[in-house]
Amino acid sequence: MKPHPSPQRVLTLLGAGTAISLLGDATLYAVLPNPPIAAQAGVTMAMVGVLLGVNRGTRLLLNGPVGVLYDRLPRRRLLITSLVLGVISSIMYAAGWGFWPWLAGRVVWGVAWSLLSIGCNAVVLDISTDENRGRHSGQYQMWFFVGVAFSSFLGGLFTDVFGFRPGLWLDAALIGGAALLWLFFLPETRPAQPRERPASNPRPSFSWRILLAVALPIFAVRFLSWGVLAATTILWLAGLFGEGVRLSNRLIPIATLTGSFIALSTITSISSAPIAGFLSDRLSRRWPVVAGAVLLGGAGVWLMSAKLPALALIGGFVAPVMGGSVETLVPAVVGDRFGRAQRGRALGLVYTLADLGSTLGPPLALGLLNAGWVSLGRIYQGGAIILVGVALFALLQVRREGPPLVNPTSG
């Protein structure tokens, strides 16, 4: 009988693969909203808004079925497949010209990320217990945000140093290396045969009320962080600094500046993810931590609307606390409140609603800006008001949180 793999080994492999997988996608978010770079891809700015959201629209259709797959099938093959699809999508970006080839590449990435995100979170729940579920989730999310940071930085840097398309080819090669890493070293964590459930212990009913309550905060956070903010960061920085920042008689171009800012601001998410998980394990409560993180993130988003660059940048570094915390706590709540046989389905449905938020964000924000109906600052202020409402909702859930509805170790 094979020994159980070390949880820390599994977390390291999952985290490293996830971080590298983000290279192609993060490059697009960092630089594609810049009109000269969009022109190199053969797309207009209106098309960019659609392209940045369509991969998430794809996941709206796939997350539910993918969650069911992970409830029924071993994890390893599906996860390796996700990275192979990530390579294919990056190749399609590098070789494609115009809207339709790019649209196809974004759809392929949507399939890849659906398999990867649900599968990795399912594995995290496999290797966790009641006492460390929040911490393990926080460690995995910390890896994810490290990936966002270095992928965004490298995406901007590769674009400025090698060019837009050569940088994407390099992204594809690095993601291929991550696929090989998982192929040779990632263990299987799901039992080959599900344990039989005694007739006297029937399967608990699936709680849609809990599912929707868990999904609301991540819907709002994804709408703002993965949607509105991600799609407009380069425009926000251009409004503050123009075409770049000059340091010691050297101009830092706007693409590199954007990638650098995203990388540096992600330090907040990297720090908040394990802290949120640790606090929720210590308190045996998730919702108070959710409420505090969302409220702090809302304050940061509001500050980003300031015209004073120093104040706006402070807000930009505070806002990501909401993403790091909520992305950590949502899988932990799923692990608390759903049994093993329901977790894949629950994760799939929660991330379906989360992806709905991130799908709506880019076209809505860029559409409003292109139409000239509202300024970017007003969009950020409206987002901050939404987050205050989400924080109040999270506080209302504290009374209802109680003990887990099911024994999380049961099938």
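Residues numbered from 1 in each chain as written. Predicted model: local features only at pLDDT ≥ 70, side-chain atom pairs only at ≥ 80, totals over all residues. Heavy atoms only, no water.

## Some details on the overall build of the chain
Thinking step 1. Assigned secondary structure in the chain consists of 15 helices and two strands.
Thinking step 2. Its C-alpha radius of gyration of 21 Å places the chain within 12% of the 22 Å reference for a compact globule of 411 residues.
Thinking step 3. Referenced to the eigenvectors of the C-alpha coordinate spread, the extents of the chain come out at roughly 70 × 45 × 35 Å.
Thinking step 4. Going through the 411 residues of the chain one by one, you find that 58% of them count as buried.
Thinking step 5. Summed over its atoms, the accessible surface of the chain is roughly 16900 Å², and 70% of this surface lies on carbon and sulfur atoms.
Thinking step 6. Of the side-chain charges in the chain, 31 are positive and 15 negative, and the distance between the mean point of each set is 3 Å. (Helix = DSSP H or I, 4+ residues; strand = E, 2+ residues; numbered from the N terminus. Rg over C-alpha atoms; globule rule 2.2 N^0.38 Å. Buried < 20%, exposed > 50% of the residue type's maximum accessible area, 1.4 Å probe, protein only. Areas by Shrake-Rupley, 256 points an atom, 1.4 Å probe, with all protein chains shown as cover. Lys, Arg positive; Asp, Glu negative; His and termini not counted. Charge placed at Lys NZ, Arg CZ, Asp CG, Glu CD.)

## Quick notes on the nonpolar core
Thinking step 1. Residues Leu14, Leu32, Trp102, Phe164, Trp182, Trp236 and Tyr380 are the most contacted members of the largest nonpolar core, which totals 117 residues.
Thinking step 2. Apart from residues lying up to four places away in sequence, tryptophan 102 is in contact with Leu28, Leu32, Ala41, Leu51, Tyr93, Gly96, Trp97, Phe164 and Leu168. (Core = buried A, V, L, I, M, F, W, Y, C linked by side-chain atoms within 4.5 Å. Contact = heavy atoms within 4.5 Å.)

## Let's talk about the pattern of salt bridges
Thinking step 1. Under the criterion given, the structure shown has ten salt bridges.
Thinking step 2. A salt bridge links arginine 75 to aspartate 126; the shortest N-O distance between them is 2.8 Å. A residue pair is termed long-range when its members are at least 10 positions apart, and arginine 75 in helix 5 (residues 75–95) and aspartate 126 in helix 6 (residues 99–126) qualify at 51 residues.
Thinking step 3. Judged by its relative accessible area of 9%, arginine 75 falls in the buried class.
Thinking step 4. Ionic pairing is found between arginine 222 and glutamate 327, a salt bridge with its closest N-O pair at 2.5 Å. (Salt bridge = Lys/Arg side-chain N within 4 Å of Asp/Glu carboxyl O.)

## Some details on the packing of helix 9 (residues 208–241) against helix 11 (residues 287–303)
Thinking step 1. Running from N to C, helix 9 and helix 11 cross one another at 25°; their axes reach a closest spacing of 12 Å. Compared by their axis directions, helix 9 and helix 11 come out roughly parallel. As for the relative orientation of helix 9 and helix 11, their crossing is left-handed in sense. Listed contacts from helix 11 to Ala213, Val214, Pro217, Val221 and Leu229 of helix 9 are Trp287, Val290, Val294 and Val301. (Axes fitted to C-alpha atoms, helices over the stretch in contact; angles between N-to-C directions. Parallel < 35°, antiparallel > 145°, perpendicular 65-115°, else oblique. Left-handed = near helix turned anticlockwise from the far one by under 90°.)

## Digging into the packing of aromatic side chains
Thinking step 1. For the coordinates displayed, the defined rule picks out eleven aromatic pairs.
Thinking step 2. Counting every residue linked through ring pairs, the aromatic cluster contains Trp109, Trp113, Phe144, Phe145 and Trp226.
Thinking step 3. Arginine 222 extends its terminal NZ or CZ atom over the ring of tryptophan 226, reaching a point 3.8 Å from the ring centre. (Phe/Tyr/Trp six-rings, centres within 6.5 Å; stacked < 30°, edge-to-face > 60°. Lys NZ or Arg CZ within 6 Å of the ring centre and 35° of its normal.)

## A look at helix 10 (residues 254–283)
Thinking step 1. In this model, helix 10 (30 residues) spans 43 Å end to end at C-alpha, consistent with the 44 Å of a helix rising 1.5 Å per residue.
Thinking step 2. Burial within helix 10 is extensive, with 21 of its 30 residues counted as buried.
Thinking step 3. The first or second residue beyond helix 10 is serine 284, which carries a positive phi of 55°. (Expected span 1.5 Å × (residues − 1).)

## Overview of unusual backbone geometry
Thinking step 1. Positive phi outside glycine occurs at serine 284, with the angle close to 55°.
Thinking step 2. Tracing the chain through its elements places serine 284 in the loop between helix 10 and helix 11.

## Here's the deal with helix 14 (residues 340–371)
Thinking step 1. Between its terminal C-alpha atoms helix 14 stretches 47 Å, which fits the 46 Å expected from 32 residues at 1.5 Å a residue.
Thinking step 2. A bend of about 25° at glycine 361 is the largest found in helix 14, and the proline proline 362 appears one to four places after it.
Thinking step 3. Just downstream of helix 14 lies glycine 372, where phi reads positive at about 75°. (Bend = angle between axes of the 7 residues up to and from the residue.)

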